[in-house]
Protein chains: 2
Amino acid sequence: MPADAHPAVTLEHVARAAGVSRATASRALTGGGPVSTETQRQVRAAARALGYVADPVARALVSGRGARVVVAVVSDCTDVSCWYLARVVTAGAQVLTPEGLGIGVVPVPRQRPAGVLDALARDRTIGGLVLLNTTREVLAELPRGLVGRTVSIGVGSATVPAVDVDGAAAARRRVEHLVRSGRRRIAMITGPSWLPCTHRPVAAYRAAVQAAGLPVRVVPGGFCAADGAAGAATLLARWPDIDAIVASCDEVAFGALSTLRRSGRRVPGDVAVAGFDDVPAAELTDLTTTTHPVADIATAAVRTVLDGVRDEQRFFPSELVVRASA
Amino acid sequence: MPADAHPAVTLEHVARAAGVSRATASRALTGGGPVSTETQRQVRAAARALGYVADPVARALVSGRGARVVVAVVSDCTDVSCWYLARVVTAGAQVLTPEGLGIGVVPVPRQRPAGVLDALARDRTIGGLVLLNTTREVLAELPRGLVGRTVSIGVGSATVPAVDVDGAAAARRRVEHLVRSGRRRIAMITGPSWLPCTHRPVAAYRAAVQAAGLPVRVVPGGFCAADGAAGAATLLARWPDIDAIVASCDEVAFGALSTLRRSGRRVPGDVAVAGFDDVPAAELTDLTTTTHPVADIATAAVRTVLDGVRDEQRFFPSELVVRASA
DNA sequence: TTGAAAGCGCTAACAG
DNA sequence: CTGTTAGCGCTTTCAA
């Protein structure tokens with residue numbers, strides 16, 4: 001291996017430059033112990049001058065808190081939320097990379113999560129955990145060793161902070177838009193019922209249609225096009241007079257659109273359709289939808305684990321995007 | 001921090017179980033030194049019995065070859081290939097996670113890559129590099145310290161192995177399909193000309209149309225919808241009689257479709273359009289296209305860096321998917 | 001062929 | 001408040 005230009009500046013160099021021991025330098029830099037303000041100032045100055053960056057690998061080795069953050073995807077079928085997962089992982093990678101860390105992905109079986117969760121807790125290479133599509137059961141089974149370095153994208157708990165999109169507002173905005181444009185029999189196809197973070201949009205939909213004096217018409221769904229197709233079929237069978245559908249996500253909206261087309265309904269003439277996510281295909285197919293700032297959410301989630309925050313609940317805004325379908 | 005169930009089995013345990021020293025156990029497991037066949041067998045057996053997995057963090061610390069693989073995206077504008085990048089990163093993460101490793105992403109400026117590349121070579125936290133959208137210039141500037149642990153998705157070099165989709169076959173298949181279905185004035189909108197891996201499809205297109213005795217009609221493009229829209233406009237201005245367009249990717253096909261629609265051309269009646277990638281939106285919009293096995297490619301790429309392969313050139317097959325547009 | 005010993009860069013006990 | 005002393009788990013000289 002040829003000699004590389006600058007053989008990397010270590011804590012030793014910083015300590016020497018500041019005229020202190022390695023231990024003191026470490027304390028000054030990490031804030032993990034008593035240091036005089038003056039010493040801290042000097043050490044920090046030396047570190048900055050030398051362009052010092054702590055080696056996360058060494059840090060991980062000694063502290064037992066690994067050099068990577070892992071996204072744990074709770075799900076039955078792994079690639080349900082392929083697009084969603086990919087965006088979360090990529091955004092997370094972008095945050096972690098400059099910190100010298102990496103990101104990983106691991107599937108967690110919804111029914112018996114304990115095995116995987118315990119293995120994760122025991123794995124010394126893991127620094128933090130991002131739970132995706134989690135349930136209260138999974139949250140309850142979270143090993144204590146993971147508390148304090150786990151964040152949930154979705155629903156949280158007393159010990160696990162959560163970040164998510166403001167799905168309630170997204171549902172409300174779509175209903176209000178539909179009401180404004182004259183729709184009166186607005187139905188909803190929900191997300192998977194086992195996923196707690198999908199309950200808020202449903203509640204918001206209920207509240208919004210009732211506030212407008214309109215009937216509540218809900219059918220259970222999921223996140224796939226097939227769920228949307230089936231959901232729309234159920235809706236048409238049960239309430240043939242519906243004039244609008246609010247879908248749990250764009251994919252479901254696409255499925256609903258195909259059912260509507262096949263049944264001879266015109267969109268938006270007979271039935272308006274509104275999705276959620278604003279995936280690239282939504283623009284191409286002129287689907288009215290609401291945005292899902294996945295990158296912002298993933299960024300915040302990773303920052304939260306890195307900072308070791310224990311209680312927080314953040315919701316990111318979702319904007320209405322009006323196109324041809326509603 | 002509470003005591004976790006099984007405090008992880010280390011090399012020490014394996015060595016003791018096999019009745020040898022840590023050093024010998026290490027040699028037996030890594031193959032990094034002389035060991036008797038018998039000892040090796042015993043150590044390996046002990047390791048398997050105990051479920052030993054070497055801690056990549058510790059290994060990274062001592063060897064200086066970090067605990068993560070980084071995807072270096074060469075590009076002018078970062079999110080050009082957002083969908084593509086996201087799939088590569090996610091697939092890579094899935095391969096690396098079980099190995100105890102993580103994945104990262106870093107942008108590399110196409111014009112002056114040296115700075116970033118040198119920093120990467122110096123970074124002890126990096127185990128391997130996956131180059132995305134790379135050029136021969138970047139390949140030439142690759143620091144020696146990175147050789148042997150770098151792979152390119154796209155074009156390779158004498159020292160950098162490459163994996164990619166068989167873009168030539170993808171172009172040929174589309175042209176042949178168009179010829180079979182009676183098209184006679186088949187044009188192509190290319191990818192970005194600075195990207196060498198886009199040259200093969202163009203050459204394949206040329207060869208295929210010429211083999212059919214048809215005229216070559218090429219305009220430069222890129223990978224965005226805007227490039228497709230502009231490319232189609234140029235095509236229509238220069239050769240108003242074209243009856244088919246082969247696009248560098250689906251996104252470009254979508255852009256071309258919008259231009260065709262605006263110009264009053266009917267698809268596929270007047271002009272057929274075929275894309276490349278088979279993104280989810282392609283199915284929704286009934287776009288004829290060819291597949292791009294990104295996950296397979298990324299998986300192979302990561303495996304290649306992990307194995308330290310130095311010369312290899314693998315092309316993954318691309319299948320024609322016939323839909324309504326061609 | 002093997003073992004003992006050194007050390008990767010860092011943090012965390014424990015004295016001072 | 002600070003320095004000294006131990007390691008984290010592994011690979012890799014160097015002797016034996």
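Residues numbered from 1 in each chain as written. Chains lettered and ligands numbered in written order. Predicted model: local features only at pLDDT ≥ 70, side-chain atom pairs only at ≥ 80, totals over all residues. Heavy atoms only, no water.

The name an unreviewed UniProt entry assigns to chain A is DNA-binding LacI/PurR family transcriptional regulator, from the organism Petropleomorpha daqingensis.

Right, let's get into the sheet that holds strand β8 (residues 244–247) of chain B. Residues and elements named next belong to chain B. The strand order β7-β6-β8-β9 describes an open sheet built from four strands, whose pairing is parallel. The sheet is open, and its two edges are formed by β7 (217–219) and β9 (272–274), each paired on a single side. Going across the sheet, the axis of each strand differs from the next one's by a mean of 20°, ignoring polarity. Looking at chain direction, strand β6 (residues 186–189) and β7 are connected through three bridges and run parallel. The residue bridging I189 from the neighbouring strand is V219, located in β7. Running over the sheet, helix α8 (residues 167–180) touches β6, β8 and β9 and is turned about 165° from β8. (Pairing = 2+ DSSP bridges. Helix = DSSP H or I, 4+ residues; strand = E, 2+ residues; numbered from the N terminus. Axes fitted to C-alpha atoms, helices over the stretch in contact; angles between N-to-C directions. Contact = heavy atoms within 4.5 Å.)

Around DNA strand D, the surrounding shell holds 27 residues, and the nearest of these are T24(A), T39(A), L11(B), R22(B) and Y52(B). Close to the protein, within 4 Å, the atoms of DNA strand D are drawn from sugar and phosphate at a rate of 57%. One nitrogen or oxygen atom from the side chain of R27(A) is found 2.8 Å from a base nitrogen belonging to DNA strand D. In this structure, Y52(B) approaches DNA strand D through a side-chain N or O atom, which is 2.5 Å from a phosphate oxygen. Elements supplying a minimum of two residues to the surface near DNA strand D: α2 (22–30) and α4 (56–63) of chain A together with α2 (22–30) and α4 (56–63) of chain B. Broken down by element, the surface near DNA strand D gets its largest block of residues, five residues, from α2(B). Among the residues forming the surface near DNA strand D, the class breakdown is 13 nonpolar, seven polar and seven charged. (Near = heavy atom within 4 Å. Polar contact = N/O pair within 3.5 Å; in protein donor to acceptor, adjacent residues only side chain to side chain. Nonpolar A, V, L, I, M, F, W, Y, C, P; charged D, E, K, R; others polar.)

Residues and elements named next belong to chain B. Between its first and last C-alpha, α8 extends 20 Å over 14 residues, near the 20 Å set by a 1.5 Å rise per residue. For α8, the complete set of buried residues consists of G167, A168, A169, A170, A171, R174, V175, H177 and L178. One or two steps after α8, the chain reaches G182, where phi turns positive at roughly 95°. (Expected span 1.5 Å × (residues − 1). Buried < 20%, exposed > 50% of the residue type's maximum accessible area, 1.4 Å probe, protein only.)

With that out of the way, let us pick up the relation of the copies chain B and chain A. Under the fitted operation, chain B is carried onto chain A by 0.0 Å of movement along the axis and a turn of 180°, and the coordinates agree to an RMSD of 0.1 Å. Seen this way, the second copy is the image of the first under a two-fold rotation axis. Of the residues that chain B buries at the interface, 100% are likewise interface residues in chain A, meaning the two copies contact each other through the same surface. (Least-squares fit on C-alpha atoms with pLDDT ≥ 70 in both.)

This next bit is on the packing of helix α1 (residues 11–18) of chain A against helix α3 (residues 37–50) of chain A. All names here are of chain A. Between α1 and α3, the least distance of the axes is 9 Å, while the angle of their chain directions is 125°. One finds that α1 runs oblique with respect to α3. Relative to α3, the crossing made by α1 is right-handed. Every residue of α3 that contacts α1 at H13, V14, A17 and A18 is listed here: Q42, V43, A46, A47 and L50. Each residue belonging to the contact of α1 with α3 can be placed in one class, and the counts come to seven nonpolar, two polar and no charged. (Parallel < 35°, antiparallel > 145°, perpendicular 65-115°, else oblique. Left-handed = near helix turned anticlockwise from the far one by under 90°.)

With that out of the way, let us pick up the packing of α2(A) against α3(A). All names here are of chain A. Where α2 meets α3, the closest approach of the two axes is 9 Å, and the angle between their N-to-C directions is 90°. Classified by the interaxial angle, the pair formed by α2 and α3 is roughly perpendicular. Residues T24, A25, A28 and L29 of α2 form the contact with α3, whose own contacting residues are T39, Q40, V43, R44 and A47. Split into classes, the residues belonging to the contact of α2 with α3 amount to five nonpolar, three polar and one charged.

Here we take up the pairing of strand β3 (residues 126–132) of chain B. All names here are of chain B. Buried residues dominate β3, accounting for six of its seven residues. With four bridges connecting them, β3 and strand β4 (residues 150–153) associate as parallel partners. From the neighbouring strand, L129 faces β4, where its bridge partner is T150. Of the crossover connections in this fold, the one passing from β3 over helix α7 (residues 136–141) to the parallel β4 is right-handed. (Right-handed = clockwise from strand over helix to strand, strands pointing away.)

Moving on to the interface of chain B and chain A. As a measure of interface size, the accessible area lost when the parts come together is often cited. In this complex, chain B contributes 39 residues to the contact, which on the side of chain A involves 39 residues. Regarding the contact of chain B and chain A, the summed buried area is about 3,300 Å², with carbon and sulfur atoms giving 70% of it. Together, V57(B), R68(B) and R122(B) form the three largest contributors to the area buried by chain B at its contact with chain A, with a combined 16%. R124(B) is the salt-bridge partner of D55(A), the closest N and O atoms lying 3.6 Å from each other. The tally of links between chain B and chain A comes to seven residue pairs in polar contact (both at pLDDT 80 or more). Listing elements by their share of the side of chain B that touches chain A, those giving two or more residues are α4, α5 (82–96), β2 (102–109), α6 (114–122) and α12 (280–284) of chain B. Considering every element that reaches the side of chain B that touches chain A, the biggest residue donor is α5(B), with seven residues. (Buried area = accessible area lost by both parts, 1.4 Å probe. Salt bridge = Lys/Arg side-chain N within 4 Å of Asp/Glu carboxyl O.)

A word on the protein's contact with DNA strand C. Surrounding DNA strand C, one finds 27 residues, the nearest of these being L11(A), R22(A), Y52(A), T24(B) and T39(B). Of all atoms in DNA strand C that approach within 4 Å of the protein, 60% are sugar or phosphate atoms. At 2.3 Å, a backbone N or O of L11(A) approaches a phosphate oxygen of DNA strand C. Between DNA strand C and the protein, one listed contact pairs a phosphate oxygen with a side-chain N or O atom of S26(A) at 2.8 Å. When its residues are assigned to classes, the surface near DNA strand C shows 13 nonpolar, seven polar and seven charged.

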